[in-house]
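Report on the structure
So the chains spell out like this:
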Amino acid sequence: MYAVLILVIFTILPLYGQRVIPQEYLRAFSSQGFDLVDLVNKIAFIGLVMSILILLKGFFEKTSVTYLALSIVSTVFWLLIVFFALGVGKMENLGLTVISSEAGGVSNAIIFDLRLFAYLATVITGLKIVHSILKFRQAKSKVTQVQPSQPLDTAD
Amino acid sequence: MKNMNRIKVLRLGIIGFEVLTIALCLLSIYTLFNALSTAISGGTMNLNLNKDESTGEWRFVLNGNPKNTGFLGVTLFFEVAVLDLSGQDIARNSTSVYVPAGGANQFSLSLTVPPDVVPGGNLEEAEGYFELRFAVRTLGDLVGFTNILRIGGEAAS
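Residues numbered from 1 in each chain as written. Chains lettered and ligands numbered in written order. Predicted model: local features only at pLDDT ≥ 70, side-chain atom pairs only at ≥ 80, totals over all residues.

Description of the overall build of chain B
- The helix and strand tally for chain B stands at one helix and seven strands.
- Put simply, chain B runs from its N terminus to its C terminus through helices and strands in the order α-β-β-β-β-β-β-β.
- Within the span of chain B, comprising 157 residues, buried residues form 20% of the whole.
- In chain B, 57% of the contacts between residues at least 6 apart in sequence involve partners at least 24 apart. (Helix = DSSP H or I, 4+ residues; strand = E, 2+ residues; numbered from the N terminus. Buried ≥ 20, exposed ≤ 12 C-beta atoms within 10 Å, placed from the backbone. Contact = placed C-beta atoms within 7 Å.)

Next up, the structure:
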């Protein structure tokens, strides 16, 4: 259900919305150095990957290494989404966005510096990964605590 | 049991950290846009360009009294420069002013353009660039917005 919701919000709605936006607006954004179509396509791709990751997690037990690996991958993927949002579509900028345009001998550059939040998001991601590992170890130890008692239960 | 508590504490810590980060992000962005809208609104800035007839120098003066109606203090930075066609500085000056949350602060920035770079004493005939840099920073100057405007080039013949 959650995977479907993510798919609808991040993939289906942006792709549908892209068709609704008039071409003049797209051209206007493009002339200001801002590729809206590319941004929407990237959001749709992110939505698709997130849905797949959530769907895959549902197939595995919490005690399996694959579940832990998928948890870590989806946490890192959320970090990339944060970089993507802070960089207005350019995650490689790590929160430093530069939008520049030039017309008639006038050049204009706008720079947004939100790198602090990119660093904070990285720390949060690190803590989330530690949390996932601790939870995995806890689930594992619960299983190993239950398993030795099983033969005794059946003997009774 | 001890391990379980540790995991719960970590989880609560992460949630708290996330909430704090989101709150700071929203607050900073709101403050930046708020400072931008008040800084460029009418009445807060006064721009003068005068020629000193005795020396032939052009004097650019920017006076301002920006207000900050945001929730965080902001530092405003202004820089003006005149550059030649190769991008080398002819004249450059800058100033910065801290405006506390809910307050206002005055600043003044002047730039003198030497007469030898203005042929015939007419600025419109001068070849080169005029650059204006404006920046707003908040949250201990860790978050910010910068706008660099460059006008000019070769004089129209």
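A few points about the sheet that holds strand β2 (residues 58-64) of chain B
Residue and element names in this part refer to chain B.
- Strands sit in the order β1-β2-β5 across an open sheet of three strands; the sheet is antiparallel. Two strands bound the open sheet, and with one partner strand each, they are β1 (45-51) and β5 (107-113). Neighbour-to-neighbour, the strand axes of the sheet open up by a mean angle of 10°, direction not taken into account.
- Pairing geometry for β1 and β2, over seven bridges, is antiparallel. Bridging across to β2, Leu49 finds its partner in Phe60. (Pairing = 2+ DSSP bridges. Axes fitted to C-alpha atoms, helices over the stretch in contact; angles between N-to-C directions.)

Details of the nonpolar core
- If you look at the biggest cluster of nonpolar residues, it comprises 27 residues, and the most contacted ones within it are A:Leu114, A:Phe117, B:Val74, B:Leu76, B:Val113, B:Val136 and B:Phe145.
- Elements with a contribution of two residues or more to this core: α4 (65-86) and α5 (115-146) of chain A together with α1 (2-39), β2, β3 (74-83), β5, β6 (128-138) and β7 (143-153) of chain B.
- Among the elements that make up this core, the one with the highest residue count is β3(B) (five residues).
- Discounting chain neighbours no more than four positions away, the residues touching B:Val74 are B:Thr31, B:Ala35, B:Asn68, B:Val99, B:Val136, B:Arg137 and B:Thr138.
- Listed in part, the six residues of the second largest apolar core include A:Phe10, A:Ile43, A:Ile46 and A:Met50. (Core = buried A, V, L, I, M, F, W, Y, C linked by C-beta atoms within 7 Å.)

A closer look at the interface of chain A and chain B
- Across the boundary between the two partners, chain A contributes 21 residues, which contact 23 residues of chain B.
- Those elements that place two or more of their residues in the side of chain A that touches chain B are β2 (106-113) and α5 of chain A.
- The greatest single-element share of the side of chain A that touches chain B, amounting to eleven residues, is contributed by α5(A).

Quick word on the environment of B:Gly64
Residue and element names in this part refer to chain B.
- Position of Gly64 relative to the elements: it lies in strand β2.
- The class for Gly64 is buried, based on 20 C-beta atoms found within 10 Å.
- Residues Gly64 and Thr44, spaced 20 residues apart in sequence, show a C-alpha to C-alpha distance of 5.5 Å.
- Excluding residues that lie within four positions of it along the chain, Gly64 makes contacts with Thr44, Met45, Asn46 and Phe107.

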